[in-house]
Amino acid sequence: MLTDLEGQIERITYTNEENGFTIAKLKVYGRPDLVTVVGNLMAPTPGEILKLKGEWTNHPKYGEQFKIIHYKTTVPASVYGIQKYLGSGLIKGIGPVMAKRIVKTFGEQTLDIIEDEIDKLEQVTGIGRKRIKMIRKAWDDQKEIRDVMLFLQGHGVSSGYATKIFKQYGDRSIQVVKENPYRLATDIFGIGFVTADHIAERLGFDKNSQLRSEAGILYVLHQLADEGNVYFPFEPLIDKCKEILGVEGEIIIKAVDTIANERKIVVEKINERTGELKKTNRVYLTKFHVTETGIASRIKALLKAPKSIRNFDSSKAASWVQKQLSIDLAENQVQALRSASENKIMVITGGPGTGKTTIINALLKIFSGLKVRIMLAAPTGRAAKRMSEATGYEAKTIHRLLEYSIRKGGFQKDDEHPLECDLIIVDEASMIDTILMYHLLKAIPLKATFILVGDVNQLPSVGAGNVLKDIIASDIIPVVRLNEIFRQAKESQIIVNAHKINNGLLPYPTPSGPKDDFYFIEQEDPENVLRIILELVSDRVPRRFGFDPVNDIQVLSPMHKGTVGTGNLNLELQRQLNPNEDGVTRGNRAFRTGDKVMQIKNNYDKEVFNGDIGRITRVDPELREVDISFDGGNVPYDFTDLDEIVLAYAVSVHKSQGSEYPVIIIPLLTQHYMLLQRNLIYTAITRGKKLVIVVGTRKALAIGVKNDKTRKRYTFLEQRLRGS
């Protein structure tokens, strides 16, 4: 039999925004001790009055608890309750101190004053017109968000999504969700098709509805793009959609036709003479078809156009630049100079220690002597910064080079407003995905020379495509491969071992050269691997080598889950390196002042991009904001934006591309065997500048080094480049 219980929320012990599960302490009239209540609550706020129906239970560890079955909330009426309610962080601009001042001024009338006569808040010390404007907006938004929360809760969906939905659609939120809940999956980061499908089901959408199949196909294609595919073959796509949606193939094929006619996707027929949908036909999201075909046509146009740079004698230039820079160039480096003097587009690829930076500096010296307008770029902020430091020339991220502006609707540099340059050199080219390469090529003047520099043996880009590899494989662009390790580089076991791994050979497990910069610690048990990594980061490496545990040491893991996956490693490393409690909890994730964090999606508004690493410098519960420092610049994040960041004491190998760290620590176990590939281990090791430590088993290392079969990415760029 259900029991009634009424009380005021004193504090929230735990709440998960994704499913609403909450543990709270309730102040109940007539009871001397706080009561623990457990159940699903919608955005619980300290100070709120809860009217509950439920049952008493006895937890073996935590004792007596009240399990919530049904509940209603009301705003508090007492001065104490109102102060707690306002000071909870519910309203942006009011924190605990300001709440106390407001309630002291207006007492039990406080909530009525905010609702009906908010300008009177100017009577409170510290509140001016600007803060009143902020409080008014937050109060009005909160009421709207509450309506969205109630609507979602009525359809079995976590209220944690309400703020995001309201932020996207404003006062049209409920109308949009009712008309087409599947929009949520593509419009809002963090809400996938499964959640949207659940809302649709509760709203009465038929499982076999055309709208559901259309949204499902787009969802599957987006998932496949996240795995690196630019297109997917027709028949396997239909099979995947059938499996995920649980509907007949005819419904999906009909939906494919509809969204192809609406230009949301492109079905590229292998044999244009037959109108049938063949199993080998290529199915693209429209943006990927536009960008892949655009890359091919733009490269061909660049190759055909005349050069703006006058020809020069590359042999004389090579002799001159070697004297100027006091260097000796290897034969293939001289070949790179020759190729740059003769060709409009070229690729320079090579591993660490093979002289890529040397050749960039030589090219800059020669071309600057010709009074050529030069631009340098790289895909990430860290790579651009490194390029600037190595060359003495300004290098920008590709996004900044192309002047991306969210307010003006995208990249400001394009074929109509091209870059003002005669030569553009782009480093870390293996990281450039299909969409970014398309926009870069569009902005390069047709008469300019374009030089791509990178390491084709690294992992491909995080985004869809395998652009550098496809360009090299097409054989239409000259490629210079730097494969000689220079004498100074040979002293580093990191570099020597990276090349051994790239050639399918096992690395030297212990230091065997002049530099003791590569170590292998044998350990099979995951718990022991975790313990060793924690010791290395927090004590052994800083004590012996003098490196800072947060700024200098980066743990790279092949996987996200498991004892030594990035998820668990981050929790354990945070506990060890930053135990301070000053922070904010979002679901089951805590962010604290001083934490090392990573952005996991491009945010053009903030000019922070996928893979950027920063440090939390401030957590402000009153303004509901977190400040994060990225390369010295502070960027504010609203609490609702925190799903764009993750802890970054440990990151995946993929996310580390384009970055270098003084110290790299890598767990490598046979548990990871599905992910163990030569290019993954090679990429991980080449991130380390001064020290690399692998903790794991020789068997796991051997599995990875021998496995040079990379996961197939469906791209058609190589064939398009070869075609006429």
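Rules behind the numbers
Residues numbered from 1 in each chain as written. Predicted model: local features only at pLDDT ≥ 70, side-chain atom pairs only at ≥ 80, totals over all residues. Heavy atoms only, no water. Buried < 20%, exposed > 50% of the residue type's maximum accessible area, 1.4 Å probe, protein only. Helix = DSSP H or I, 4+ residues; strand = E, 2+ residues; numbered from the N terminus. Contact = heavy atoms within 4.5 Å. Phe/Tyr/Trp six-rings, centres within 6.5 Å; stacked < 30°, edge-to-face > 60°. Lys NZ or Arg CZ within 6 Å of the ring centre and 35° of its normal. Domains from an automatic or database assignment. Buried area = accessible area lost by both parts, 1.4 Å probe. Nonpolar A, V, L, I, M, F, W, Y, C, P; charged D, E, K, R; others polar. 1 Å grid on protein atoms, 1.4 Å probe; cavity = no way out; pocket = protein on both sides within 12 Å on 5 of 7 lines; lining within 4 Å. Points joined across faces, edges and corners; volume = space filled by probe spheres on them. Core = buried A, V, L, I, M, F, W, Y, C linked by side-chain atoms within 4.5 Å. Pairing = 2+ DSSP bridges. Axes fitted to C-alpha atoms, helices over the stretch in contact; angles between N-to-C directions. Salt bridge = Lys/Arg side-chain N within 4 Å of Asp/Glu carboxyl O.

1. Focus on helix H19 (residues 467–474)
Counting buried positions over the 8 residues of H19 gives 6, a clear majority of the element. Of the residues making up H19, those classed as buried are Val467, Leu468, Asp470, Ile471, Ile472 and Ser474. Buried residues along H19 sit in contact with helix H12 (286–304), strand S9 (345–350), helix H18 (434–443), strand S15 (449–454), strand S16 (479–482) and helix H26 (717–722). At the exit of H19 stands Asp475, carrying a positive phi of roughly 65°.

2. Here's the deal with the packing of aromatic side chains
For the coordinates displayed, the defined rule picks out 13 aromatic pairs. Both rings, one in Tyr231 and one in Tyr284, keep their centres 5.4 Å apart while their planes meet at 35°; by these two values the pair is tilted. Separated by 53 residues along the polypeptide, Tyr231 in strand S6 (residues 231–233) and Tyr284 in strand S8 (residues 282–285) bring together distant segments of the chain. Take Tyr231: its relative accessible area is 11%, and that puts it in the buried class. Among the aromatic residues, those joined into a ring-pair cluster are Tyr182, Phe193, Phe205 and Tyr219. Directly above the ring of Phe716 sits Arg282, whose terminal nitrogen or CZ lies 3.6 Å from the centroid.

3. Things to note about the domain arrangement of the protein chain
Annotation of the protein chain at the domain level lists domain 1 (3–72), domain 2 (75–142), domain 3 (210–280), domain 4 (293–486) and domain 5 (505–706). Taking only C-alpha atoms, the centre of domain 1 and the centre of domain 2 are 25 Å apart. Taken together, the contact pairs 9 residues of domain 1 with 9 residues of domain 2. A buried area of about 660 Å², summed over both sides, lies between domain 1 and domain 2, and 59% of it is on carbon and sulfur atoms. The biggest single contributor to the side of domain 1 that touches domain 2 is strand S1 (residues 3–15), with 3 residues. The residue makeup of the side of domain 1 that touches domain 2, split by class, is 3 nonpolar, 3 polar and 3 charged.

4. Focus: the layout of surface pockets
Any empty space left between atoms is shown by rolling a water-sized probe over those atoms. Estimates place the volume of the second largest pocket at around 1200 Å³. Taken together, 37 residues form the lining of the second largest pocket, with Pro352, Gly353, Thr357, Ile495 and Glu660 sitting closest to its centre. Looking at the lining of the second largest pocket, the elements that each hand over two or more residues are helix H15 (356–369), helix H16 (381–391), S15, helix H20 (487–490), helix H21 (493–502) and strand S28 (688–696). In terms of residue class, the lining of the second largest pocket is made up of 10 nonpolar, 16 polar and 11 charged. Each of domain 4 (293–486) and domain 5 (505–706) contributes no fewer than three residues to the lining of the second largest pocket.

5. Remarks on the nonpolar core
Counting 63 residues, the largest nonpolar core has Leu26, Val37, Leu52, Ile165, Leu184 and Ile265 as the members making the most contacts within it. With 8 residues, helix H9 (residues 210–226) is the largest single contributor of residues to this core. Two domains each provide a minimum of three residues to this core, namely domain 1 (3–72) and domain 3 (210–280). If near-sequence neighbours (up to four positions away) are discounted, Ile265 is found in contact with Leu218, Leu221, Val256, Ile259, Ala260, Val283, Tyr284, Leu285 and Thr286. Core analysis: the next-biggest nonpolar cluster, separate from the first, contains 39 residues, Ile532, Val555, Ala650 and Ile693 among them.

6. Some thoughts on unusual backbone geometry
With phi around 50°, Glu428 is a residue other than glycine that occupies positive phi space. The topology assignment puts Glu428 in the loop between strand S14 (423–426) and H18. Owing to a relative accessible area of 8%, Glu428 belongs among the buried residues under this scheme.

7. Describing the sheet that holds S6
Ordered in space as S6-S8-S7, the 3 strands form an open sheet in which the pairing is antiparallel. In this open sheet, the two edge strands, each paired with only one partner strand, are S6 and strand S7 (265–268). Put simply, the sheet's adjacent strands are angled 25° from each other on average, direction ignored. Strand direction decides the pairing type here: S6 and S8, joined by 3 bridges, are antiparallel. Bridge pairing in S8 places Phe232 opposite Val283. Packing of H12 onto the sheet brings it into contact with S7 and S8, and relative to S8 it is tilted by some 100°.

8. Observations regarding the pattern of salt bridges
Within the structure shown, the criterion is met by 27 salt bridges. Salt-bridge contacts for Glu64 lead to Arg31; the nearest nitrogen and oxygen are separated by 4.0 Å. Within this pair, whereas Glu64 is found in strand S5 (residues 63–74), its partner Arg31 is found in the loop between strand S2 (21–27) and strand S3 (35–40), the two being separated by 33 residues in sequence. Residue classification places Glu64 among the partly exposed residues on the basis of a relative accessible area of 48%. Across the salt bridge formed by Glu262 and Lys264, the nearest N and O atoms sit 3.3 Å from each other. Among the residues examined, Glu262 registers a relative accessible area of 42% and is labelled partly exposed. Each of Asp119, Glu122, Arg129 and Arg136 takes part in a single network of salt bridges with overlapping partners.

9. Observations concerning the environment of Ile191
With respect to the secondary-structure elements, Ile191 resides in the loop between helix H7 (183–187) and helix H8 (193–202). On the basis of relative accessibility, which here comes to 3%, the residue Ile191 falls in the buried class. On a C-alpha basis, the gap between Ile191 and Tyr161 in space is 7.7 Å, while along the polypeptide they are 30 residues apart. Those residues within four positions of Ile191 in sequence are excluded, and the remaining contacts are Tyr161, Ile165, Leu184 and Ala185.

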